[in-house]
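Topology and contacts: notes
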Amino acid sequence: MSVPRYWREMPERTRLEAAKCNRCGIILFPPRGKCMNCGSESFVQYALPRRGKLITFTIVRSPTKGFEKQVPYVLGMVELEDGTKITVPLTDVFPEDVSIGMNVEAVFRKVFEDGESGIIEYAIKFRPTL
Amino acid sequence: MRPNIDVVIAGWGSYIPLYRVAVEEIAKMWGKSARHFKEELLIDEKAVAGQDEDVATIAVEAAKNALQRSGLAPTSLGAVFVGSESKPYAVKPTGTIVAEAIGATPRILAADMEFACKAGTETLQCCIGLVGSGMINYGMAIGADTAQGAPADSLEFSAGCGGTALIVGRKGYEKEPVATLEGSVSYVTDTPDFWRRPKREYPSHAEAFTGEPAYFAHVLSAGKILMEELSLKPSDFKYAVLHQPNGKFPIKAARMLGFNKEQVDSGLLVPYIGNLYAGSSVTGLSAVLDIAKPGDRIFMASFGSGAGSDAFSFVVNDGIDVKRDRSLTVRNYIKRKRNIDYAIYSKFRRKIVV
Amino acid sequence: MIMRKVAVLSTGLTKVDKHWRKSLRELYGEAAKAAINQTKVPQLDALIIGNMCASDLSDQNNIGALLADYLGMTPSMAYRIEAACGSGGAAVLGAYTAVASGMYDFVMTGGVEKLTDGVGGNTTYSLGKAADAEFELFYGSSFVSLNAMIMNHYMHVYHTSREDFADLAVLMHKNGARNPYAQLPFPITRDTVMNSDMISDPISLYDCAPVGDGAAALLLCPLEDAPKYSDTFVEIVGIAGATDTINISSRTDLLTLNSTVVAADRAYKMAKLTPKDIDVAEIHDTFTITGALSVEDLGFCEKGKFHKMLANGAFEAGGIVAINPSGGLKSRGHPVGATGAYQVAEIAMQLCNKADKWQVPDAEVGLAQNIGGSGSSTYITILRRAR
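**Details of the overall build of chain C**
Scanning chain C from N- to C-terminus turns up 14 helices and 12 strands. Taking 387 residues into account, the globule formula puts the C-alpha radius of gyration at 21 Å, and chain C, at 19 Å, falls close to it. A principal-axis box enclosing the C-alpha atoms of chain C has dimensions of 55 × 45 × 40 Å. Expressed as a percentage of its 387 residues, the buried residues of chain C come to 63%. Restricting the contact set of chain C to residue pairs at least 6 apart, pairs at least 24 apart contribute 77%.

**Comments concerning the nonpolar core**
Residues Ala 59, Val 98, Ile 142 and Ile 298 of chain B together with Leu 220 of chain C are the most contacted members of the largest nonpolar core, which totals 290 residues. Not counting the four nearest positions on each side in its chain, Val 98 of chain B is found in contact with Ala 56, Ala 59, Val 60, Ala 63, Val 80, Val 82 and Ile 142 of chain B.

**Describing the interface of chain C and chain A**
Many descriptions give the size of an interface as the accessible area lost when the pieces come together. At the junction of the two partners, chain C supplies 26 residues and chain A supplies 26 residues. Among the elements that take part in the side of chain C that touches chain A, helix H6 (residues 143–158) of chain C stands out by supplying 7 residues, more than any other. Along the lines of polarity and charge, the residues of the side of chain C that touches chain A split into 10 nonpolar, 13 polar and 3 charged. The pairing of strand S4 (residues 51–60) of chain A with strand S5 (residues 198–201) of chain C spans 2 bridges and is antiparallel. Residue pairing in the sheet places Ile 59 of chain A in a bridge with Asp 201 of chain C of S5 of chain C.

**Looking at the environment of Leu 273 of chain C**
Residues and elements named next belong to chain C. Here Leu 273 is to be found in the loop between helix H10 (258–271) and strand S9 (280–282). For Leu 273, a count of 17 C-beta atoms within 10 Å gives the class partly exposed. Here the alpha-carbon distance between Leu 273 and Gly 238, two residues 35 residues apart in the chain, equals 8.7 Å. Filtering out sequence-adjacent residues up to four positions away, Leu 273 remains in contact with Gly 238, Tyr 268, Val 365 and Ile 382.

**Quick notes on the domain arrangement of chain A**
Residue and element names in this part refer to chain A. The assigned domain composition of chain A is domain 1 (1–48) and domain 2 (49–130). A straight line from the C-alpha centre of domain 1 to that of domain 2 covers 20 Å. In this assembly, 10 residues from domain 1 lie in contact with 12 residues from domain 2. Only helix H1 (3–8) and helix H2 (10–15) provide two or more residues apiece to the side of domain 1 that touches domain 2. In terms of residue class, the side of domain 1 that touches domain 2 is made up of 8 nonpolar, 1 polar and 1 charged.

Each value, and the rule that gives it
Residues numbered from 1 in each chain as written. Chains lettered and ligands numbered in written order. Predicted model: local features only at pLDDT ≥ 70, side-chain atom pairs only at ≥ 80, totals over all residues. Helix = DSSP H or I, 4+ residues; strand = E, 2+ residues; numbered from the N terminus. Rg over C-alpha atoms; globule rule 2.2 N^0.38 Å. Buried ≥ 20, exposed ≤ 12 C-beta atoms within 10 Å, placed from the backbone. Contact = placed C-beta atoms within 7 Å. Core = buried A, V, L, I, M, F, W, Y, C linked by C-beta atoms within 7 Å. Nonpolar A, V, L, I, M, F, W, Y, C, P; charged D, E, K, R; others polar. Pairing = 2+ DSSP bridges. Domains from an automatic or database assignment.

Right under this line is the structure:
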């Protein structure tokens, strides 16, 4: 990922900053230009909750470019405490121990290293709640 | 040394990764004696950072735990320093990665410090100075490492991963202080006991020379001078936390300073997680704060190769009882563990050329 | 607003395969010439072509101009439509509006894809770009892994197993075995699927459409003019597109392809038809899960009941609706940007009785459903045999 692209979305990916519609109150993550529900263009910054439940997941065995050394890795969909759903990698858990419904919490981790001389890309992942 | 304005600890937090590799695993690999490490050096296993962890991620979790305990908004911080000898970039401060991740930017001073295993108290001295001069209200000092030992080298058995963040505040301004600083001493000489040249993967060391002329000379000097300047005796302290490259050195140095085993035990973590390098003494302090009571006096002495020691005396305040349960303790993280074998450990720590 | 009725005058397909020796332009050229040479239209007014990956894998943009040039169509109007794996269906929709509006008479459309021009993981990476680059692809998710999460959720909610899904792949291969255009024209068993390698749990290799190249071309013209140029043509009686959130975590219901539900609703209304009226359907089974959800969301069966109905023969000729007699994406193949065009061409062939060994008897009305991304868009075309 190019440096500007990594840097631009850091608030969303590393601090889970979402947008809350000022008119109808729904949470948009990722943020949008217009509210999906009411079409409003007025939003306020909203910090997503840090804890949730795993509603589904997959174990990736055929990786996408750059993720070869991490195989097998787990991607999951988490329903946060406020009902917002997000797609995130799971960490600190072996694939065979992942189960639908498990409680998970946000942690700041490395996602990708652009080779030996490129930047390191970080984001929020989720681990079994301690 | 004491700043013009008294400073306190406003919050503390640590992080230790999930994975452990037992000394037996490493010994088996290289045909060495596990007994020597377990019984003489008192190391059973060490903490290993996962594939997606590094000093930045460790520092961020420790920082968040410290902030949680302190009750402060991240923007209250005027400085964040990360002390490490295994920072992710040779050039690009870990401090900014941490500051951004915790939401403390942009009105903040951020930088990285290096003094081998003493970098974690280096950052503490800097925060003490900035807060004690009135330049900032709160500063965060982090010591964290994911240091490596060369395969088959004796240091491979002890080089562990983890870190701690301490938030320093101004006495009076901070309404619920955890502990007050009575004073500190820094004792430093040019003693090349352990080093790493640029572009080398692993450090080198002067073997037995790292003992008396390095560790003991500096820790004992710093400790003695501190107690003299503050007119304190070893028995005035409830706890003594020393840098822990293994279990043997801190127990021996503590005894030579006049402390007994009970005073050292609570802060002795190296048997379970190994030597956290820049995170070592500050994580020992964190483990002590997890259980200390108001009125307890705590002695801490770090050691960094190259070489030097920072010694501190803290007295615990009432705020500790309010703040202690707001975050996970060091013991929580120590208990959360999953043992891995040498193969997975090699993959995680990139000892296989990947 | 008066819109002209539109006919599919003729179609041309290449076999789906790893066409090492044929380039992007040669492949579409082959399909296009087959379509053009079946009729004697006076001119070709426009080319609206679907493609997803040429920019990444063949370093080629500007495909409309490239192919118009290759087919000697310059200076006719040409452009490319990209809607991920829905590019083909979207191109047909674009060509339909071009003719229906009265602006163009004879429009070449279809799709072409050269997935084998990619090397070393580039193909998978390019296909992954159908997802949300910043918030899905960034984390190492691929197209397969996003759909795998949906499949895992379906299995959890409806208490189905991998075997249930395997049965769809088996039917696809049974059908495709008779289709000379199919990439994998051989029958398989449940065991073939169950024993195949996991790609992203629970999706295994045989739950996935294969990687291949192909081109499908369709020639559209005003319905009233069609009899002058061909004896076998079909009418587009309903056509629609719809979207859903690109990021699957923003879906209201992870197990409903709302873009399919809405597009189908619009297309059925336009054609004044219901699901019951459809004799044959070419649906988008990139993965067995996508196939299951597509059949349900097209209104052919209730939610969660796909596997039961499949087991009862509901989706074979003689059942409720013949699904993917061509072998579908699983067996016929999935040259992504061309797939939607293959589907419409296959339906046209069925309705004109040209499907030889894989012909569904008495097919009068057919539906093609083409999905872009993991359900972020759907393009539906309903055709009726013209008399």
